[in-house]
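Architecture and fold: a report
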Amino acid sequence: AIMFIAIAGLGISTQAFAQTTPAGIVKAFYKACNDGKYLKAERLVTKDSLERLADVGLANSLSAYCADLTERGTLKKVHVLSEKVRGEGAVVRFKFVYENGSDDEGREALIRRGGVWKIELLQAGDARFQLRAVR
């Protein structure tokens, strides 16, 4: 029983740690998007990102952004290709694999504010722009 508790505790702390790295934040964001948990996804992006969504016609609708990039909740896997951290900024490159077998590559820029990593959506070269160029 003690061994099980120790293993279970390790799994929880590893999962919590994974969501504190830039790559972990990106994976958590797209999982929340794919699962339709938009409030959870919203907490993983900067306030500026939400304002940029409004500027491009997606006002109050992170759900439209998420639905587009996850192909309406059919995202099967996010493979992290690289994670580069420099000071308070990071770039995560990844590959999406969808249920229909198709895949796309993209990248997200992140910034650390108050010790917490947040995604900067709609930056030049981020997932939305990279994925649209590939399709």
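Residues numbered from 1 in each chain as written. Predicted model: local features only at pLDDT ≥ 70, side-chain atom pairs only at ≥ 80, totals over all residues. Heavy atoms only, no water.

Along the chain, lysine 77 turns up in strand 1 (residues 75-86). In this structure the C-alpha to C-alpha distance between lysine 77 and phenylalanine 96, which are 19 residues apart in sequence, comes to 5.9 Å. Sequence-distant contacts of lysine 77, defined by excluding residues within four places in its chain, comprise Lys95, Phe96 and Val97. (Helix = DSSP H or I, 4+ residues; strand = E, 2+ residues; numbered from the N terminus. Contact = heavy atoms within 4.5 Å.)

This next bit is on the state of the cysteines. Under the counting rule described, the total for this entry stands at 1 disulfide. Shown here is the disulfide that connects cysteine 33 with cysteine 66, its sulfur atoms set 2.1 Å apart. Linking cysteine 33 in helix 2 (residues 22-34) with cysteine 66 in helix 5 (residues 62-69), this pair joins segments that are 33 residues apart in sequence. A single burial state applies to cysteine 33 and to cysteine 66, both of which are buried. (Disulfide = S-S within 2.5 Å. Buried < 20%, exposed > 50% of the residue type's maximum accessible area, 1.4 Å probe, protein only.)

On to the sheet that holds strand 1. Strand order in the open sheet made by the 4 strands is 1-2-3-4, with antiparallel pairing throughout. Every other strand in the sheet has two partners, leaving strand 1 and strand 4 (116-120) as the edge strands with one partner each. Here the average twist between neighbouring strands, direction ignored, is 30°. Taken together, the 9 bridges between strand 2 (residues 89-98) and strand 3 (residues 103-113) define a ladder with antiparallel strand orientation. Bridging across to strand 3, lysine 95 finds its partner in glutamate 105. (Pairing = 2+ DSSP bridges. Axes fitted to C-alpha atoms, helices over the stretch in contact; angles between N-to-C directions.)

Attention now goes to the packing of aromatic side chains. Following the criterion strictly, the structure yields 5 aromatic pairs and no others. Taking 6.0 Å as the distance between ring centres and 70° as the angle between the ring planes, the aromatic pair formed by phenylalanine 96 and tyrosine 98 counts as edge-to-face. Of the two residues examined, phenylalanine 96 and tyrosine 98, each falls in the buried class. Ring pairs connect the aromatic residues Phe29, Tyr30, Phe94, Phe96 and Tyr98, which therefore count as one cluster. (Phe/Tyr/Trp six-rings, centres within 6.5 Å; stacked < 30°, edge-to-face > 60°.)

A word on the pattern of salt bridges. According to the stated counting rule, one finds 7 salt bridges in the structure shown. Between arginine 113 and aspartate 48 there is a salt bridge, with its nearest N and O atoms 3.6 Å apart. Note that arginine 113 is positioned in strand 3 and aspartate 48 in helix 4 (residues 47-55), a separation of 65 residues in sequence. With relative accessibility at 40%, the residue arginine 113 sits in the partly exposed group. Several salt bridges converge on common partners, so that one network encompasses Asp48, Arg52, Arg113 and Glu120. (Salt bridge = Lys/Arg side-chain N within 4 Å of Asp/Glu carboxyl O.)

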